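# A structural walkthrough
One-letter residues, chain by chain:
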Amino acid sequence: MSDPNVSGQAYGFLAMMPIKDGEVEPLRAYLEGFRDRGERPFHSVPRTHMARFVIVPDFHNDKRWKQRKEERLEIPSLILSSNLDLDGQDLDSYLDELAEGFAPHVADIWGRCIGGPTDPQDLKVYLKHNQIDCGFFYAAYGQATVPKVKASLAQRDKLMDFATRTQGMKPAALQKAFIKEFPG
Amino acid sequence: MNPVSTTTTAAKATATGTSSRNIDGVAIAITVFSTIKLWGRAFLPILFAVTQRRPALTKTLVDLSFIHFARWSLISEIPWNGQEQKKQKLRYTHMYFESNFNGGWEEYIDAFSHILTGGMAAFWGSSYGFPKALPVGPFKEYIQVNETEACHYYSAYPEATITMIQAALALDDKLAPLKRSAAKMDPDAFAAAYKKMLTDAQRSL
């Protein structure tokens, strides 16, 4: 049976980790502060397409929904979700890269989670222990890695520019310019 | 640990209809938890397995062309991390849904409701409180109630829409043969092949 976390070569990773008592708001402030501080830590983990941190304070309950009994999430949890490239490698190697890229932040993020590490070397084991499998994972371009997407986008911009610049050019000059800008 | 402020600020709603914390460039995150009825525990794993094996079922998602990645996960137990964590036995199974899309939140929900009406009923019909995909008003309210804002959201290519990405990847396929053969062609043959490539790739530019 195929891995439900995989679509093409893309992998959907999800971990749900309990937050220590009294640490929900400090953790939230730290994570929200990435943007204010101009930090993009996932940028240091280049196999990441899209990722998020979410704090789940509780399950949603509403009397109108006729749920037989309410259910509360007893310990607020941190969600880490990442859509990543396997590209012939495995999840472990990605989590190693994640631990390295997030090394300056491990204590501030996972140190606030119950059982969570402060040492980046322990992060992979902790994340795998708290992983939740996908039921269904959809990737619109699951065959394309992050470098492939970025290179294709850059090439598209370049070709549009090239086509504009070379309008009316003689065949020999056009060919020479094309070979120079788009080597085979 | 670094000292941090414990004061959190509510992120501003943006023109896209969602909080700025759910946005990176043109990429938007949506994260929704829902509680599953008893029958959904048996039904949803079957639905997921069938959908995964039959790509034709996700053709509409592909055609809609605004979802980069999406996932549905069932949570029936909370991972336990030692004595400090009180063990919680869940009475219900809960569903985690996330999507990474571009466009506006309102348009996204509208498209889901109007175009994927049947699929919505299948995926969320066993969630408590799901009001049906149509009319869209109650459905939007349901999603808003169940949505959780991201604390941090990241896209590796924040300015790229999925249409741009798919066009760029398609263009790559069309351009590659010409890149390989350009140096071996005479100038007139190259000019003709280049013009044909541009014509063929017009939709990708």
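Predicted model, so just to flag it, every value in this text is computed and none were measured. (Residues numbered from 1 in each chain as written. Chains lettered and ligands numbered in written order. Predicted model: local features only at pLDDT ≥ 70, side-chain atom pairs only at ≥ 80, totals over all residues.)

### Structural notes on the sheet that holds strand S4 (residues 93-102) of chain B
The five strands lie next to each other as S5(A)-S3(B)-S4(B)-S2(B)-S1(B), forming an open sheet whose pairing is antiparallel. Either end of the sheet is taken by a strand with one partner, and the two such strands are strand S5 (136-139) of chain A together with strand S1 (23-24) of chain B. (Pairing = 2+ DSSP bridges. Helix = DSSP H or I, 4+ residues; strand = E, 2+ residues; numbered from the N terminus.)

### Section: the sheet that holds strand S5 (residues 150-155) of chain B
In sheet architecture, strand pairing relies on hydrogen bonds along the backbone and comes in two forms, parallel and antiparallel. One open sheet holds the five strands; their spatial order is S1(A)-S2(A)-S4(A)-S3(A)-S5(B), and the pairing between them is antiparallel. Either end of the sheet is taken by a strand with one partner, and the two such strands are strand S1 (6-7) of chain A together with S5 of chain B. Relative to strand S4 (residues 77-85) of chain A, strand S3 (residues 48-56) of chain A is paired through eight bridges, and the arrangement is antiparallel. Looking at the pairing, arginine 52 of chain A lines up with serine 81 of chain A of S4 of chain A.

### Re the environment of threonine 58 of chain B
Note that threonine 58 of chain B resides in the loop between helix H1 (38-53) and helix H2 (59-64). Exposure remark for threonine 58 of chain B: the 18 C-beta atoms within 10 Å place this residue in the partly exposed category. Along the backbone, threonine 58 of chain B and glycine 119 of chain B are 61 residues apart, and their C-alpha atoms lie at a distance of 9.4 Å. If we ignore the near neighbours within four places in the chain, the residues touching threonine 58 of chain B are Tyr138 of chain A together with Thr51 of chain B. (Buried ≥ 20, exposed ≤ 12 C-beta atoms within 10 Å, placed from the backbone. Contact = placed C-beta atoms within 7 Å.)

### Let's talk about the pairing of strand S3 (residues 67-75) of chain B
Within S3 of chain B, eight of the nine residues are buried, which leaves the element mostly enclosed by the surrounding structure. Alignment of S5 of chain A against S3 of chain B, held across four bridges, turns out to be antiparallel. Opposite phenylalanine 137 of chain A, over in S3 of chain B, you have arginine 71 of chain B as the bridge partner. Here S3 of chain B runs beside S4 of chain B; their pairing, made up of eight bridges, is antiparallel. Each residue of the ladder has a partner; that of isoleucine 67 of chain B, found in S4 of chain B, is phenylalanine 101 of chain B.

### With respect to the interface of chain B and chain A
Interfaces are often sized by the accessible area lost when the parts come together. The partner chain A presents 75 residues to the 79 residues of chain B that form the contact. Across the side of chain B that touches chain A, the residue classes tally to 45 nonpolar, 24 polar and 10 charged. For S3 of chain A and S5 of chain B, the ladder comprises five bridges, and the chain directions are antiparallel. Its bridge partner being in S5 of chain B, arginine 52 of chain A is matched across the sheet by tyrosine 153 of chain B. (Nonpolar A, V, L, I, M, F, W, Y, C, P; charged D, E, K, R; others polar.)

### Some details on helix H6 (residues 162-181) of chain B
The first and last C-alpha atoms of H6 of chain B sit 30 Å apart over 20 residues, in line with the 28 Å expected at 1.5 Å per residue. Restricting attention to buried positions, one finds in H6 of chain B the residues Ile162, Ile165, Ala167, Ala168, Leu169, Leu171, Asp172 and Leu175 of chain B. Buried residues along H6 of chain B sit against helix H5 (146-165) of chain A together with S3, S4 and helix H7 (187-200) of chain B. (Expected span 1.5 Å × (residues − 1).)

### So, the domain arrangement of chain B
As far as domains go, chain B holds domain 1 (20-146) and domain 2 (162-204). In this structure, domain 1 of chain B and domain 2 of chain B have C-alpha centres spaced 39 Å apart. (Domains from an automatic or database assignment.)

### Description of the packing of helix H3 (residues 105-115) of chain B against helix H5 (residues 136-146) of chain B
Residues and elements named next belong to chain B. At a minimum axis distance of 10 Å, the contact between H3 and H5 shows a crossing angle of 125°. Classified by the angle between their axes, H3 and H5 sit oblique to one another. Taken as a pair, H3 and H5 cross one another with a handedness that is right-handed. Residues Ile109, Asp110 and Ser113 of H3 lie in contact with H5, whose contacting residues are Val136, Phe139, Lys140 and Ile143. Classifying every residue of the contact of H3 with H5 by side-chain character gives four nonpolar, one polar and two charged. (Axes fitted to C-alpha atoms, helices over the stretch in contact; angles between N-to-C directions. Parallel < 35°, antiparallel > 145°, perpendicular 65-115°, else oblique. Left-handed = near helix turned anticlockwise from the far one by under 90°.)

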